Amino acid sequence: MTAAPNLAQQRALAYSPKPFGALSLFASTYVIRHLVRHPDKTKRLYHRLIGHMNVSIVVRSLAILWGNWAVPEGTPNVAGAVGTVQTCTVQGFLSELLS
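As the structure is a computational prediction, the values presented were derived from the model and not from experiment.

**Q** Got a minute to help me understand a nonpolar patch on the surface in this structure?
**A** A contiguous nonpolar patch, built from Tyr15, Trp69 and Val82 and spanning about 300 Å² of accessible area, is present on the exposed surface. Looking at the element boundaries, Val82 is found in the loop between helix H3 (45-66) and helix H4 (85-97). We classify Val82 as exposed; its relative accessible area is 54%.

What follows is the structure, encoded as C-alpha cells:
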C-alpha cells in the first residue's frame, strides 16, 4: 500500500501542468487566429483540419488550466480543490470528449 502524497507533492501535481496548458492555449489560439485572418487557407482540407484540431486543443487546454480547481472542495489528497461536483463533472466530460 502506498502512502498518501505530502502537501508539497500535492501542490506539484496540481500546479505543474498549468504553464504547459497556458502555452498550449496560446499556441492553438495563434493558429486559429492565423487561419481566420487568411481566409484563402480555409479552402484546403488540410488547413480546415488543423483549425478544427486546434479548437479541440483550446478546450482541452482550458480543462488543464482549470485543473484541480474543479475538484470538489474537501477532497482528500488534492491541493487546490475548490470546485463542486458539477464543475468536476463538466471538466471530466470535456476531457473525455476531447481526448
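**Q** So what exactly am I meant to see when it comes to the side chain of Ser95 here?
**A** Structurally, Ser95 can be placed in helix H4. Those residues in contact with Ser95, other than ones at most four positions away along the chain, are Arg60 and Ala63.

**Q** How do you make sense of the packing of helix H2 (residues 17-37) against H3 when you look at a structure like this?
**A** Pairs of packed helices are described in terms of their axes, by the angle between the two and the distance that separates them. Contact geometry for H2 and H3: axes closest at 8 Å, N-to-C directions at 150°. Classified by the angle between their axes, H2 and H3 sit roughly antiparallel to one another. Considering how the two elements wind past one another, H2 and H3 form a crossing that is left-handed. Residues Pro17, Lys18, Gly21, Ala22, Ser24, Leu25, Ser28, Thr29, Val31, Ile32 and Leu35 of H2 form the contact with H3, whose own contacting residues are His47, Ile50, Gly51, Asn54, Val55, Ile57, Val58, Ser61, Leu62, Ile64, Leu65 and Trp66. Taken together, the residues of the contact of H2 with H3 break down into 14 nonpolar, eight polar and one charged.

**Q** How do you make sense of the environment of Asn77 when you look at a structure like this?
**A** Its place among the elements puts Asn77 in the loop between H3 and H4. Residues Asn77 and Asn6, spaced 71 residues apart in sequence, show a C-alpha to C-alpha distance of 7.9 Å. Excluding residues within four positions of it along the chain, Asn77 makes contact with Ala4, Pro5 and Gln10.

**Q** Is there a simple way to explain the packing of aromatic side chains in this structure?
**A** Tallying each qualifying case throughout the model produces zero aromatic pairs. In this structure, Lys18 packs its charged tip against the face of Trp69, placed 4.1 Å from the ring centre.

**Q** What exactly am I supposed to notice about the packing of H3 against H4 here?
**A** Relative orientation of the contacting elements H3 and H4 amounts to 145°, with a least axis distance of 9 Å. As for the relative orientation of H3 and H4, their crossing is left-handed in sense. Two secondary-structure elements touch here, H3 through Val59, Arg60, Ala63 and Trp66 and H4 through Thr87, Val90, Gln91, Leu94 and Ser95. Classifying every residue of the contact of H3 with H4 by side-chain character gives five nonpolar, three polar and one charged.

Parameters and conventions
Residue numbers run consecutively from 1 along every chain, following the written order of its sequence. Whole-chain, interface and lining totals are the exception, using all residues; otherwise, since this is a predicted model, local features are given only for residues with pLDDT of at least 70 and side-chain atom pairs are given and counted only at 80 or more. Side-chain measures here rest on the full set of heavy atoms in the structure, leaving out hydrogens and waters. Like charges within 9 Å and nonpolar side chains (Val, Leu, Ile, Met, Phe, Trp, Tyr) within 5 Å are joined into patches, using only residues over 30% in relative accessible area that form no salt bridge. For the area figures, the Shrake-Rupley method with a 1.4 Å probe applies, and any residue is considered shielded solely by the protein chains shown. Just to be clear on terms, a salt bridge is a Lys or Arg side-chain nitrogen sitting within 4 Å of an Asp or Glu carboxyl oxygen. Put simply, DSSP marks the helices as runs of H or I at least four residues long and the strands as runs of E at least two long, and each gets a number from the N terminus on. Relative accessibility under 20% of the residue-type maximum defines a buried residue, over 50% an exposed one, and the middle range a partly exposed one, all with a 1.4 Å probe and only protein chains included. The criterion used for residue contact is that any of the two residues' heavy atoms lie within 4.5 Å. With axes taken as lines fitted to C-alpha atoms, and helix axes fitted only over the stretch in contact, angles between N-to-C directions fall between 0 and 180 degrees. We call two directions roughly parallel when the angle between them is under 35 degrees, roughly antiparallel when it is over 145, roughly perpendicular when it lies between 65 and 115, and oblique otherwise. The sense of a crossing depends on the near helix, which, turned anticlockwise from the far helix by less than a right angle, makes the crossing left-handed and, turned clockwise, makes it right-handed. The classification used treats Ala, Val, Leu, Ile, Met, Phe, Trp, Tyr, Cys and Pro as nonpolar, Asp, Glu, Lys and Arg as charged, and all other residues, Gly among them, as polar. Working definition: a ring pair exists when centres of Phe, Tyr or Trp rings (six-membered ring for Trp) sit within 6.5 Å. Plane angles under 30 degrees give stacked, over 60 give edge-to-face, the rest tilted. Lysine NZ or arginine CZ positioned within 6 Å of the ring centre and within 35 degrees of the ring normal marks a charge as sitting over the ring.

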